[in-house]
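# Structure assessment
If you want the building blocks of each chain, they are given just below.
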Amino acid sequence: MRPLQAELLQGRALYREVVLGKLAHARESVWVATANVKAMFVEQGGQFAPVLELFDRLAARGVALRLLHAELPSRPFREAFDARSRLVRGGLELKVCPRVHFKAVVVDGAWAYVGSANLTGAGLGAKGEDVRNFELGFVTEDFDVIDRVTALYAAVWDGAECRGCRLKAVCPDPILSSVGKPAKTREPGAIRLGQSRRLRR
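Residues numbered from 1 in each chain as written. Predicted model: local features only at pLDDT ≥ 70, side-chain atom pairs only at ≥ 80, totals over all residues. Heavy atoms only, no water.

### Regarding the pairing of strand 9 (residues 136-140)
With five bridges joining them, strand 1 (residues 6-10) and strand 9 adopt antiparallel strand pairing. Bridge pairing in strand 9 links Glu7 to Val139. Note: strand 8 (residues 111-115) against strand 9, four bridges, orientation antiparallel. Counterpart to Ala112 in the pairing with strand 9 is Thr140. (Pairing = 2+ DSSP bridges. Helix = DSSP H or I, 4+ residues; strand = E, 2+ residues; numbered from the N terminus.)

Printed below as a string of structure tokens:
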């Protein structure tokens, strides 16, 4: 074990630090890993707005956005996504892996949140203390932690974990390694992951 510079946060402090403090001010990149994705709201300009509005503003500034998730996002999230052409055209890249259960946000490759909260209103969103989940997580600028988080993220994102995965038979859309071959023939209109794509309802 080695000393680690980090701050442990809980509840609304996670929302304030992760979303308002860091994610909203990203300059180069934001990588989010979450099991669940819902149409959460965040404070923007004194009002509450969908997090996708924040993502759209970041994409307009040239911030590279990645969202790695275990399940298809909620219908309201998908409808809000479809309404933002910049995100649909690749401003927000999305990939699904049913084994993703870690929750992390890496901003500009130099700051990371790791904890229990999903990208939902009751997790990292702006919900009140009396309805939000009981969540814990830590934030850090420790390079070793960031390297390990990004290594896991990249391994899943790039499909390096797909080949030996025992859930391929039930995976809705396996991510393929850059050297791999398709695991199955896709039906017309199926979601193709491994690239930015338009979510289908």
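Once the structure has been displayed, the description carries forward.
### What to know about helix 5 (residues 143-157)
The end-to-end C-alpha separation of helix 5 is 20 Å, in line with the 21 Å expected for 15 residues at 1.5 Å each. Looking at helix 5, one finds that the buried residues are Val145, Ile146, Val149, Thr150, Tyr153, Ala155, Val156 and Trp157. Contacts made by the buried residues of helix 5 are with strand 2 (29-34), strand 5 (64-69), strand 6 (92-96), strand 7 (103-107), strand 8 and strand 9. Immediately beyond the C-terminal end of helix 5, within one or two residues, lies Gly159, with a positive phi of roughly 85 degrees. (Expected span 1.5 Å × (residues − 1). Buried < 20%, exposed > 50% of the residue type's maximum accessible area, 1.4 Å probe, protein only. Contact = heavy atoms within 4.5 Å.)

### Observations regarding the UniProt feature "domain: PLD phosphodiesterase" (unreviewed entry) in the protein
As annotated by UniProt and renumbered to match this structure, "domain: PLD phosphodiesterase" (unreviewed entry) occupies residues 101-123. Span residues 101-123 is 0% helix and 43% strand, its end C-alpha atoms 14 Å apart. (UniProt positions renumbered as here; feature names shortened; annotations may be inferred.)

### Brief notes about unusual backbone geometry
Despite not being glycine, Asp108 has its phi angle at roughly 55 degrees, a positive value. Along the polypeptide, Asp108 turns up in the loop between strand 7 and strand 8.

### Overview of the pattern of salt bridges
Taken as a whole and assessed by the stated rule, the structure comprises six salt bridges. As a salt-bridge pair, Glu43 and Arg12 come within 3.3 Å of each other at their nearest N and O atoms. Within this pair, whereas Glu43 is found in strand 3 (residues 41-44), its partner Arg12 is found in helix 1 (residues 12-22), the two being separated by 31 residues in sequence. We classify Glu43 as partly exposed; its relative accessible area is 33%. Among the salt bridges present, the one from Arg84 reaches Glu53, with a minimum N-O distance of 3.9 Å. Of the two residues, Arg84 sits in the loop between helix 3 (75-82) and helix 4 (85-91) while Glu53 sits in helix 2 (residues 51-60), which places them 31 residues apart along the sequence. The class for Arg84 is buried, based on a relative accessible area of 16%. For Glu53, a relative accessible area of 32% gives the class partly exposed. One network of salt bridges, in which partners are shared, links Arg2, Asp142 and Asp144. (Salt bridge = Lys/Arg side-chain N within 4 Å of Asp/Glu carboxyl O.)

### Focus on the sheet that holds strand 5
Spatially, seven strands are ordered 1-9-8-7-2-5-6 in an open sheet, and the strand pairing comes out mixed. Every other strand in the sheet has two partners, leaving strand 1 and strand 6 as the edge strands with one partner each. Direction aside, the axes of adjacent strands within the sheet are offset by 15 degrees on average. Of the strand pairs in this sheet, strand 7 and strand 8 are connected by five bridges, and their pairing is antiparallel. Paired with Ala104 across the bridge in strand 8 is Val114. On top of the sheet, helix 1 reaches strand 1, strand 7, strand 8 and strand 9; it is set at about 120 degrees to strand 1, its chief contact. (Axes fitted to C-alpha atoms, helices over the stretch in contact; angles between N-to-C directions.)

### A short note on the packing of aromatic side chains
The full count for this structure, using the stated rule, is two aromatic pairs. Between the aromatic rings of Tyr153 and Trp157, the centroid separation amounts to 6.0 Å while the plane-to-plane angle is 25 degrees, which identifies the pairing as stacked. Of this pair, Tyr153 and Trp157 are both found in helix 5, four residues apart, which corresponds to roughly one turn of the helix. Side by side, Tyr153 and Trp157 carry an identical accessibility label, which is buried. One aromatic cluster is present, built from ring pairs that chain together Trp31, Tyr153 and Trp157. (Phe/Tyr/Trp six-rings, centres within 6.5 Å; stacked < 30°, edge-to-face > 60°.)

### Overview of the nonpolar core
Core analysis: the biggest nonpolar cluster contains 38 residues, and Phe55, Leu92, Val105, Tyr113 and Leu124 have the highest contact counts within it. Per element, the largest residue contribution to this core is six residues, and it comes from helix 2. Setting aside residues up to four positions removed in sequence, Phe55 forms contacts with Leu23, Leu65, Leu87, Leu92 and Leu119. Residues Leu68, Val100, Ala104 and Val149 belong to the second largest nonpolar core, which totals 15 residues. (Core = buried A, V, L, I, M, F, W, Y, C linked by side-chain atoms within 4.5 Å.)

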